[in-house]
Amino acid sequence: MKDMLKGYQLAENMILDLICTEVKCLSTIYARYLLLQIILQYPSGFSLHHFISPENSELSLAKRLYSLLEVCGSNKLGGWVGEAGAMALAAECLGLGLGHDTGAGYDSSYGSFSQLLNPSWFCKNPGMEIIQNTPASCAEIALNHGGGAALSFICDSLKNVCSESMTMCWVLTAGIRKSVRMIASVEPKVSNDSSSDMESSLFNPVTEDTSDIRLAAFLTGLLLSKPVQKKMGQDNWSLIASDLFEGWSVGLLSACMPFRMICAFTCAGLLNIVPSALGRCIERLPTLQKYFERLASSTARRMWAERAAMPVSSRYLESMVELMCSVRRSGFPLLKHICYDSATPLPLESPSEDDVDLDKCFVSSDEQWEVWTGIVEYHTIDWELPPKSGVRKEVDNGEGPPDLREGCYVLRGENWNSGDDDGKELLEKREEAKNNEEKELDFDKEKESVGKTKEDEQENTSTESKEASGVASPTEIDPTEEKSVPIPEETLVKSPRKKKKKIKPKLPYGTVLGITTWKEIPGLGRKVKWHATNIEKNYRYGGDGGCYDLVHVDLNEKKNKAKLYPHPESAEACAARHDFGVNKKFNILLRMVKEFRNNEKGERLHVGVVEWPDFGAGIKCEFCHLLDGSVILTEKTLLWGSKDSGWEARFGCPQFQSGTTIHLKGCNKNLTVEYSSLEELNGSYTFSPSQLRNYANANPVHVNFDMTILKRKKNK
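Residues numbered from 1 in each chain as written. Predicted model: local features only at pLDDT ≥ 70, side-chain atom pairs only at ≥ 80, totals over all residues. Heavy atoms only, no water.

Caption draft 1: Region of the structure containing the overall build of the protein chain. Scanning the protein chain from terminus to terminus reveals 21 helices and 16 strands. Burial status across the protein chain gives 38% buried among its 716 residues. Once local pairs closer than 6 in sequence are excluded, the contacts in the protein chain between residues at least 24 apart make up 65%. Accessible surface, the protein chain as shown: approximately 43200 Å² in total, 54% of it carbon and sulfur. (Helix = DSSP H or I, 4+ residues; strand = E, 2+ residues; numbered from the N terminus. Buried < 20%, exposed > 50% of the residue type's maximum accessible area, 1.4 Å probe, protein only. Contact = heavy atoms within 4.5 Å. Areas by Shrake-Rupley, 256 points an atom, 1.4 Å probe, with all protein chains shown as cover.)

Caption draft 2: Broad picture of the side chain of Asp549. Assignment of secondary structure puts Asp549 in the loop between strand S6 (547-548) and strand S7 (550-555). Only 2.8 Å separates the side chain of Asp549 from the side chain of Arg540, close enough to count as a polar contact. If sequence neighbours within four positions are ignored, Asp549 has contacts with Leu411, Arg412, Gly413, Asn415, Trp416, Asn417, Tyr539 and Arg540. (Polar contact = N/O pair within 3.5 Å; in protein donor to acceptor, adjacent residues only side chain to side chain.)

Caption draft 3: Layout of a nonpolar patch on the surface. A cluster of nonpolar side chains, namely Ile15, Leu16, Ile19 and Val23, defines an oily patch on the protein surface of about 350 Å² accessible area. Here Val23 is to be found in helix H1 (residues 2-41). (Patch = residues over 30% accessible without salt bridge, like charges linked within 9 Å, V, L, I, M, F, W, Y side chains within 5 Å. Salt bridge = Lys/Arg side-chain N within 4 Å of Asp/Glu carboxyl O.)

Caption draft 4: Structural detail: a negative patch on the surface. Taken together, the side chains of Glu437, Glu438, Glu440, Asp442 and Glu446 present a region of like negative charge at the surface. On the secondary structure map, Glu440 appears in helix H18 (residues 424-469). Glu440 gets classed as exposed once you look at its relative accessible area, which sits at 53%. (Lys, Arg positive; Asp, Glu negative; His and termini not counted. Charge placed at Lys NZ, Arg CZ, Asp CG, Glu CD.)

Caption draft 5: Unusual backbone geometry, seen in detail. Even without being a glycine, Asn534 presents a positive backbone phi close to 60°. Within the secondary structure, Asn534 is located in the loop between strand S4 (521-530) and strand S5 (536-542). What makes Asn534 exposed here is its relative accessible area of 57%. One non-glycine residue with positive phi stands out, namely Lys559, at about 60°. With respect to the element layout, Lys559 can be found in the loop between S7 and strand S8 (562-564).

Caption draft 6: Focus on the packing of helix H6 (residues 166-184) against helix H10 (residues 234-250). For the pair H6 and H10, the least separation of the axes is 8 Å and the interaxial angle reads 10°. Comparing their axes, H10 and H6 come out roughly parallel. Touching Met166, Cys169, Trp170, Thr173, Ile176, Arg177, Val180, Arg181 and Ala184 of H6 are Asn236, Leu239, Ile240, Asp243, Leu244, Glu246, Gly247, Trp248 and Val250, all from H10. Counted by class, the contact of H6 with H10 contains 11 nonpolar, 3 polar and 4 charged residues. (Axes fitted to C-alpha atoms, helices over the stretch in contact; angles between N-to-C directions. Parallel < 35°, antiparallel > 145°, perpendicular 65-115°, else oblique. Nonpolar A, V, L, I, M, F, W, Y, C, P; charged D, E, K, R; others polar.)

Caption draft 7: Expanded view of the pattern of salt bridges. According to the stated counting rule, one finds 16 salt bridges in the structure shown. Across the salt bridge formed by Glu306 and Arg302, the nearest N and O atoms sit 2.8 Å from each other. Assessed through its relative accessible area of 25%, Arg302 is described here as partly exposed. A salt bridge links Asp549 to Arg540; its shortest N-O distance comes to 2.8 Å. The exposure class assigned to Asp549 is buried, which follows from its relative accessible area of 2%. Under the relative-accessibility criterion, Arg540 is labelled buried at 8%. Here the residues in one salt-bridge network are Arg177, Asp243, Glu246, Arg280 and Arg284, joined through shared partners.

Dropping the structure here:
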């Protein structure tokens, strides 16, 4: 009984402990919820002075309020803290949405406390309709879910607290600096570090990185807002901004690239607002002074590393360029000359005719450039395409036909039009004559066999008559011969006559002697020698719009059986598969350098770039402004983009073709009011792809497109 009593008492104590723990947790949750509702209800009247007492100083209240924001306004429950939170925020800056999956064990979508006010939406009581329109009811779901959603509802109240309490501002600043240093995992040496002492006194050291970069970014924007600046004063606000710049600059030393990108953008914005913050920062942090001194070299190195993707650049490079520009505008002579290492080439001297930034695709200013926009419309081509080939699926699967090269065997193909060059009809006649001879021989043999059978029958009848009369000739009687027993004819089995196996004749095959041109197009002809006729001649293998006079085969040893290979995809079929010859529109962007030189006729010559976003390419071009006001646009060389693939829709072949020249003339078309300040130029161009032909008549294909350009009118 004593053991049972002890067991019951132990179970009772355990239940009481669990109840106390749950009550404490629920009390804490509802207390936080109540505080958030109080802050929400007084957007312009909430202040820490209402809670100050001898037991609670302003500093302790500010620390508790920051702890409340860190718990209810951060993504700690979701797991998006530390370096993972920085990478998530950087991904959202790039336009990538991330789901707030909280991981195993907890899901914040269920909330930490029940909803009390929101169900009034479904209440039919007239007296309850007032509740559903209050801010508390609207914000209940956001406060319940946690994360950063609650901050948008209490933002005005927090602005009022910061504008009335400098202590709260310093606490928030210290919290931001602490979060940035924890995520960056950097502790730089600081001279006269009074703010770091304040951070260590305000917050207990933690071993686990649970800082939320989203909350730090939100609080930074809160402290830099206009209402806080007006009520705080310019001097105090500048000190706060300088401390924030110093705290975010520490993040530039982090090993995490996405976090460095966020810190660079934030520091650039802070430095644009308070340029003097840089001087105070480099005095206190020598490590950051060295970083800003080599910032130009680091930016040049990063730009060179991303040169292959120009003009597209990463957000990280944009953040470095933005920070470097902000440092230059601050007026401090920190940026030294760019130092080049082994991974970065030395700068090239500017040539006399062309600009280096144009050749290297680095265009950094719009003041020296005139920008035009336009549309290019390719019209439908009137041509007949060759039959579709199923070889494309085999090529994609890695089972395409072998190349038809020298020494391969061929037979006549589906588009054969060369008569009896291969000797097919000759071989058929020979085979027919051979078959007729064999038939005649068989007929003669049958005749002889029929004659022999008749003679045998006559002999048999004469012997039978003699035997019937009982008289035998002395020559036919052999005394030593034993009498044989006659075998009835019914028991005799006649052996069937074996048929001769017919041997298949040889095929009219030929051997490829070489790859030749066909009507000045290389690679579309094959020189073949036919073994039946000894004729050597050039034949089509993809020429005349996709015609194939030959078919590639594999022969056996006797040359009477063949394995056929499908012919490869023709250039016309490949171009049509990439939307060549159909009606299609492309948007273009033209950038022209305003500086020019005059030619012998007095015409202005400009250098520029034509961007084709659909092809991911930019082309160096020349603008010739004629005396009558029209413009001749000539494409020269490819600056960026793929040179040997992807151009089928424009040129009918994968390679880029330079030399396109378009004469743009002004038109008297009345534009709408929205485009009244713009001038329209129109031009057309017709060309014939050198390697494409019409399948119907083997004539060249004519491509026609129109270009429409909009540019700003010149001021009279």
